[in-house]
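Spelled out from the first residue to the last, the chains are:
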Number of protein chains: 2
Amino acid sequence: MSNNNATSVPEAYPMNGGDGTYSYTKNSSYQRAAANVAKTLIDEAIAEKLDIEDFSSASSNAFRIADLGCSVGPNTFACVQNIMEAVKQKYGSQMPDFHVFFNDHAANDFNTLFASLPPERHYFAAGVPGSFHGRLFPEASLHFAHSSYATHWLSKLPEEVTNKNSPAWNKGKIYYTTSPDQVFNAFAAQFRTDMAIFLEARAKELAAGGMMVLIMQTIPDGIHQSRIPTGIMFDFLGSILMEIAKEGLISEEEVDSFNIPVYTTTPNEMAELVERNGSFSIVKMESTSPWLKVGHIVNNTPQKLARELRAGMEGVFKTHFGSDIVNQVFDRLNDKSGQLINQLESSHRQGTQLFLALKRK
Amino acid sequence: MSNNNATSVPEAYPMNGGDGTYSYTKNSSYQRAAANVAKTLIDEAIAEKLDIEDFSSASSNAFRIADLGCSVGPNTFACVQNIMEAVKQKYGSQMPDFHVFFNDHAANDFNTLFASLPPERHYFAAGVPGSFHGRLFPEASLHFAHSSYATHWLSKLPEEVTNKNSPAWNKGKIYYTTSPDQVFNAFAAQFRTDMAIFLEARAKELAAGGMMVLIMQTIPDGIHQSRIPTGIMFDFLGSILMEIAKEGLISEEEVDSFNIPVYTTTPNEMAELVERNGSFSIVKMESTSPWLKVGHIVNNTPQKLARELRAGMEGVFKTHFGSDIVNQVFDRLNDKSGQLINQLESSHRQGTQLFLALKRK
């Protein structure tokens with residue numbers, strides 16, 4: 001039943017599991033800083049726009065919250081706690097039980113997630129395995145959906161990009177930052193298809209009056225992809241791979257055929273996709289700048305940045321190149337992290353995050 | 001929030017995870033046969049007693065099923081499928097979406113469970129980590145709870161049994177089969193406490209009119225524990241441990257202080273506990289005899305029996321004795337499995353399973 005709207009089985013790119021040196025659990029401070037930036041905005045959206053009266057006709061024996069693409073924690077626990085507190089702040093003692101659903105691909109490390117659930121939590125917890133590019137919950141059963149730094153992952157690489165004879169074949173690169181338009185267009189088309197499916201599924205699952213908050217990486221209109229931190233980091237990883245290819249450890253074609261299945265949308269594009277879907281009204285939309293806040297963390301310890309990037313990206317590299325090459329890539333990234341930091345410091349760091357609060361009509 | 005009714009954190013004794021030689025996934029044919037015996041009874045109970053009209057006042061945007069103590073599959077998937085089909089058989093096209101909750105301790109291998117979910121399932125799936133000796137779900141949110149071969153696990157060993165100076169100290173044994181009355185009484189008291197907590201939690205979670213089916217190992221009234229298959233198998237494992245102790249590989253006190261935290265109830269005792277709880281009416285109660293059906297399986301391949309016992313029990317032995325001794329125990333069990341089969345063949349195999357269908361008043 002899950003994924004029945006998708007044209008093919010969405011691929012999974014889980015963050016690193018467990019709680020070791022390169023785990024997402026220990027290396028997700030950027031995502032945490034991003035969530036902190038969003039906290040005040042979530043509080044305001046709930047205080048001003050959530051209307052619990054709307055739920056009286058639907059099931060209201062529980063207030064159901066879903067975190068979509070939750071990974072392995074601990075960030076997801078902090079997000080959920082924040083949402084719950086904002087809801088309780090507004091409605092006080094008349095609240096029903098909270099039921100919280102932690103969603104990610106079945107390949108996510110749910111064992112680690114479950115083992116690290118806060119023991120003193122004031123909610124009932126469940127894990128939901130499956131891609132959010134498809135249905136995950138019964139009709140009109142959710143009251144609040146949240147997704148932070150997850151919807152930039154595409155459900156799959158666009159087919160043109162994986163075809164050597166296509167004009168969208170991305171020679172010598174692993175991302176579309178400085179590629180021909182055909183490459184960018186293929187990524188953008190895949191994102192629009194994925195987001196249409198995502199919004200359609202959530203429109204069915206959210207009860208009328210329910211809210212959804214999306215926190216996404218974005219690029220301000222008019223800024224080139226090569227100037228924002230994501231573009232710079234992915235290009236940096238691409239140049240390391242090409243360096244390894246030139247040394248003969250992998251073939252250049254292996255690099256050509258590899259692409260990071262991530263897309264950075266713009267505020268205008270998201271607004272247009274929400275409007276086209278038609279089931280949601282935009283309650284709040286705001287660009288924020290978490291890169292300006294995390295600067296001191298990464299500057300003090302460049303290697304920390306390398307580890308964070310590894311925790312999030314290692315999985316997708318490993319599938320294509322295998323463990324040995326992945327170790328090479330991230331060891332070299334670690335050695336050169338000072339150089340990467342320099343590039344990031346002169347990057348465009350304003351407005352790289354979009355906060356989008358939607359209300360189910 | 002979970003376990004808030006329990007006096008201490010319940011202990012976890014997960015079945016073997018993964019899908020290897022000794023995994024529960026590959027070694028749970030006894031539990032499957034037991035579930036098959038129960039299938040017809042579940043079908044009848046649903047057809048005759050489930051009243052979906054009762055749910056109109058509660059949330060009915062989904063029909064919510066929970067399997068409590070589900071382990072890692074595949075048995076739980078077959079059980080859930082069966083329940084769904086019986087419900088659909090009765091109500092036809094007016095059914096809302098099914099939402100299925102797979103529950104077990106957080107230490108259960110949920111990653112394996114999620115990876116093996118039937119791809120063509122017609123329900124929305126979620127995993128719920130936590131002990132069923134405590135609350136797991138919001139108030140009045142479930143419509144059908146199911147638990148098969150799980151509630152015989154105690155939430156913990158009774159304290160008296162772990163105290164060397166207590167009359168309930170179980171010298172030279174690992175189960176209460178042939179122990180002094182004080183040992184048996186301590187196990188029985190723990191079970192009654194646990195079952196009271198279990199029933200109280202489920203009474204809160206099930207919507208009025210909701211059903212609960214418990215499939216449990218039982219002992220018929222008037223039959224001695226040493227004559228039923230469970231008692232025989234646990235005594236057999238105990239004698240292997242004492243043999244290892246006599247060879248000096250472990251101390252006898254290590255055996256004395258080890259007890260299998262399992263209790264086999266009687267039909268009368270369960271009926272009394274349900275009545276004392278007061279929130280459920282007994283819809284159907286029947287003793288069945290799955291040991292008579294699995295006879296041909298275990299007779300043909302004695303080693304299969306040894307593997308099945310290992311898949312279910314290895315965890316609790318390993319915690320106390322460590323991996324080396326556990327390997328010794330189960331290797332010796334494997335070598336002697338023919339002897340164990342002989343004992344089982346002359347055991348009392350009638351009425352060792354209780355089917356209990358309850359309805360939330």
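Criteria and thresholds
For every chain, the first residue of the written sequence is number 1, and numbering continues from 1 along that sequence. Throughout, the order in which chains and ligands are written sets their labels, letters from A for the former and numbers from 1 for the latter. The predicted nature of this model means local features are confined to residues of pLDDT at least 70 and side-chain atom pairs, given and counted, to a pLDDT of 80 or more, with totals for whole chains, interfaces and linings taken over all residues. Note that water and hydrogens are dropped before the side-chain values are worked out from all heavy atoms of the structure. By nonpolar core is meant a set of buried Ala, Val, Leu, Ile, Met, Phe, Trp, Tyr and Cys residues that side-chain atoms within 4.5 Å join together. Remark: exposure states derive from per-residue accessible area (1.4 Å probe, protein chains only) relative to the maximum for the residue type, with buried under 20%, exposed over 50%, and partly exposed in between. Any two residues having at least one pair of non-hydrogen atoms within 4.5 Å are treated as being in contact. Residues reaching a pLDDT of at least 70 in both copies supply the C-alpha atoms on which the copies are superposed by least squares. Basic side-chain nitrogens of Lys or Arg form a salt bridge, by our definition, when they fall within 4 Å of a carboxyl oxygen of Asp or Glu. A run of DSSP states H or I qualifies as a helix once it reaches four residues; a run of E qualifies as a strand once it reaches two. Both are numbered from the N-terminal end. Any Phe, Tyr or Trp ring, taking Trp's six-membered ring, that has another such ring centre within 6.5 Å forms a pair; planes under 30 degrees apart are called stacked, those over 60 apart edge-to-face, and the others tilted.

*Asks:* Residue-level account of the nonpolar core, with values.
*Replies:* The biggest cluster of nonpolar side chains holds 146 residues, and the ones touching the most others in it are A:Leu241, A:Met270, A:Phe317, B:Leu241, B:Met270 and B:Phe317. Apart from the residues within four sequence positions on either side, B:Phe317 is in contact with B:Ile174, B:Leu237, B:Leu241, B:Phe258, B:Ile260, B:Gly322, B:Val326 and B:Phe330. Counting 67 residues, the second largest nonpolar core, distinct from the first, contains A:Cys70, A:Phe355, B:Phe77 and B:Met211.

*Asks:* Tell me about the relation of the copies chain B and chain A, and please be specific about residues and values.
*Replies:* Taken as rigid bodies, chain B and chain A are interconverted by a rotation of 180° and an axial shift of 0.0 Å, the fit giving an RMSD of 0.0 Å. Such values leave the two copies arranged in the relation of a two-fold axis. In this assembly, 100% of the residues forming the interface of chain B have copies in chain A that are likewise at the interface, indicating an isologous arrangement.

*Asks:* Please provide a residue-by-residue account of the interface of chain B and chain A, values included.
*Replies:* When the parts come together, some accessible area is lost, and that loss is often what is quoted as the size of the interface. Counting residues at the interface gives 33 residues for chain B and 33 residues for chain A. The interface formed by chain B and chain A includes 2 salt bridges. Measuring nitrogen to oxygen at the nearest pair gives 3.5 Å for the salt bridge that ties B:Asp97 to A:Arg135. Among the secondary structure elements, those contributing two or more residues to the side of chain B that touches chain A are β1 (62-68), β2 (97-104), α3 (110-115) and β3 (124-129) of chain B.

*Asks:* Before we move on, can you summarise the pattern of salt bridges with the specific residues and values?
*Replies:* Going through the model one piece at a time under the given rule, you end up with 34 salt bridges over all chains. Taking the shortest distance from any N to any O, the salt bridge between B:Arg135 and B:Glu205 comes out at 3.5 Å. Of this pair, B:Arg135 sits in the loop between β3 and β4 (142-148) while B:Glu205 is found in helix α4 (residues 181-205), placing the two residues 70 residues apart along the sequence. Exposure remark for B:Arg135: the relative accessible area of 9% places this residue in the buried category. Among the charged side chains, a salt-bridge network with shared partners connects A:Asp97, B:Arg135, B:Arg202 and B:Glu205.

*Asks:* Which residues make up the packing of aromatic side chains, and what values do they have?
*Replies:* All names here are of chain A. Enumeration according to the criterion identifies 37 aromatic pairs over all chains in this entry. When the ring of Phe258 is compared with that of Phe321, the centres are 4.9 Å apart and the planes differ by 65°; the resulting orientation is edge-to-face. Placement of the pair is Phe258 in the loop between α6 (252-256) and α7 (267-277) and Phe321 in helix α9 (residues 302-321), with a sequence separation of 63 residues. Residue Phe258 is classed as buried on the basis of its relative accessible area of 3%. On the basis of relative accessible area, Phe321 is assigned to the buried category, the value being 9%. Members of the aromatic cluster, each reached through a chain of ring pairs, are Tyr175, Tyr176, Phe184, Phe187, Phe191, Phe234 and Tyr263.

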